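# Summary of structural features
As a plain string of letters, each chain reads:
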Amino acid sequence: DDADTAAERALDLLSACVCGATDGKSNAECDAVVLHVVRDHLRPLLALRPDHSPALVQLRYARNTRPHLWWQDRVWDYCAAGVNTRTRQAVASEVPSKLWSRFQPGASHGVDFFAAVLARSTGAKALLAQHFVAECLYAVGRQDEAVAHFRGGMLARHPPSLSFLGYCTELGHGVPAQDHAEALRLYRLAAESGYSLALRNLGDCLKTGSGAEADSAGTYSAFERGAHAGLAECQVRTWMPTKHSRLLVAVA
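Rules and cut-offs
Residues numbered from 1 in each chain as written. Predicted model: local features only at pLDDT ≥ 70, side-chain atom pairs only at ≥ 80, totals over all residues. Heavy atoms only, no water. Helix = DSSP H or I, 4+ residues; strand = E, 2+ residues; numbered from the N terminus. Buried < 20%, exposed > 50% of the residue type's maximum accessible area, 1.4 Å probe, protein only. Contact = heavy atoms within 4.5 Å. Areas by Shrake-Rupley, 256 points an atom, 1.4 Å probe, with all protein chains shown as cover. Core = buried A, V, L, I, M, F, W, Y, C linked by side-chain atoms within 4.5 Å. Axes fitted to C-alpha atoms, helices over the stretch in contact; angles between N-to-C directions. Parallel < 35°, antiparallel > 145°, perpendicular 65-115°, else oblique. Left-handed = near helix turned anticlockwise from the far one by under 90°. Nonpolar A, V, L, I, M, F, W, Y, C, P; charged D, E, K, R; others polar. Expected span 1.5 Å × (residues − 1).

## A word on the overall build of the chain
When its secondary structure is counted, the chain shows 14 helices and zero strands. The linear arrangement of helices and strands in the chain, starting from the amino end, is α-α-α-α-α-α-α-α-α-α-α-α-α-α. Per-residue burial for the chain yields a buried fraction of 54% across its 252 residues. In the chain, the share of contacts with a sequence separation of at least 24, taken over all contacts with a separation of at least 6, comes to 61%. For the chain, the accessible surface area stands at approximately 10,900 Å², while carbon and sulfur atoms represent 51% of it.

## Some words on the side chain of T65
The topology assignment puts T65 in helix α3 (residues 53–65). In this view, T65 contacts C19, P160 and Y195; residues no more than four positions away in its chain are not counted.

## A short note on the nonpolar core
One recurring pattern in soluble globular proteins is that nonpolar side chains are buried together. With 70 residues, the main nonpolar core has F103, F114 and F132 as its most contacted residues. Among the elements that take part in this core, helix α8 (residues 123–139) stands out by supplying 10 residues, more than any other. Leaving out residues up to four positions away in the same chain, F114 has contacts with L11, P54, V57, Q58, A129, F132, V133 and C136.

## Some words on the packing of helix α12 (residues 196–208) against helix α13 (residues 216–228)
Packing of α12 against α13 leaves a shortest axis separation of 8 Å and a crossing angle of 160°. By the criterion of interaxial angle, the relationship of α12 to α13 is roughly antiparallel. α12 and α13 meet at a crossing whose hand is left-handed. Residues L199, R200, L202, G203, D204, L206 and K207 of α12 form the contact with α13, whose participating residues are G218, T219, A222, F223, R225 and G226. Within the contact of α12 with α13, the residues separate by chemical class into five nonpolar, four polar and four charged.

## Details of the packing of helix α11 (residues 180–191) against α12
The description of two packed helices rests on the angle between their axes and on the distance between the axes. Contact geometry of α11 with α12 gives a least axis separation of 8 Å together with a crossing angle of 140°. In terms of orientation, α11 and α12 fall into the oblique class. Where α11 crosses over α12, the two elements pack in a sense that is left-handed. Residues L184, Y187, R188, A190 and A191 of α11 form the contact with α12, whose participating residues are A198, L199, N201, L202, C205 and L206. Along the lines of polarity and charge, the residues of the contact of α11 with α12 split into nine nonpolar, one polar and one charged.

## Some points on the side chain of H131
Position of H131 among the secondary structure elements: in helix α8. Not counting residues up to four positions away in its chain, the partners in contact with H131 are Y61, F150, H158, P160 and S161.

## Description of α8
When the terminal C-alpha atoms of α8 are compared, their 25 Å separation across 17 residues agrees well with the 24 Å that a helix rising 1.5 Å per residue should span. The element α8 is largely enclosed, with a buried count of 15 among its 17 residues. Within two residues after α8, G141 carries a phi angle of roughly 90°, on the positive side.

Here's what the structure looks like:
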């Protein structure tokens, strides 16, 4: 339908700025592309179809891979309804779960949509489609299949796939058994590119000693890098004001 066509158009643009492989584009160029995708494609689509899972999962990806744009574009407003809090950091910390709760009920459509896109795509677009298939499979409880797709992304060293695979490994979802040391290794690999969710998960593991001995210096380093990248969850963990922070702005 028209919504699916619009979602694939957004995917075509977003694939030019795959996390960890931007095809020579500068950070500023990728920021401009992602903002264009969010403002001119995903948000208008979601205004008409708030439950459209292919658009929601791409919005999650845009937020997770370039969190500093969340402040610039005020995308967090889209997810802040009903939240009573004093800081934008706290609102933005809830964005992933809010997007997930909106995306999960229709995720079966996302599986079909992205599987069809994957079958006819190559290169960066195929890599993104495979990752989104995996996220949608995970959301509908098909965790074994999701892990298989995340492993495909791992082979391409796609940071979001590495990080989500680490999450599955840490919790024992879709894998033979929990393996905290392997989860930590995957988070480290994903964090090498500066992927903020991996930095958050890495910091949490180092703080609690999950997969390795607790490391307070390593914990702060991971959270600090994530905070400077604009990830609210890391800013909350460090209470570090950055150029992307709005600590004194109430949204209640």
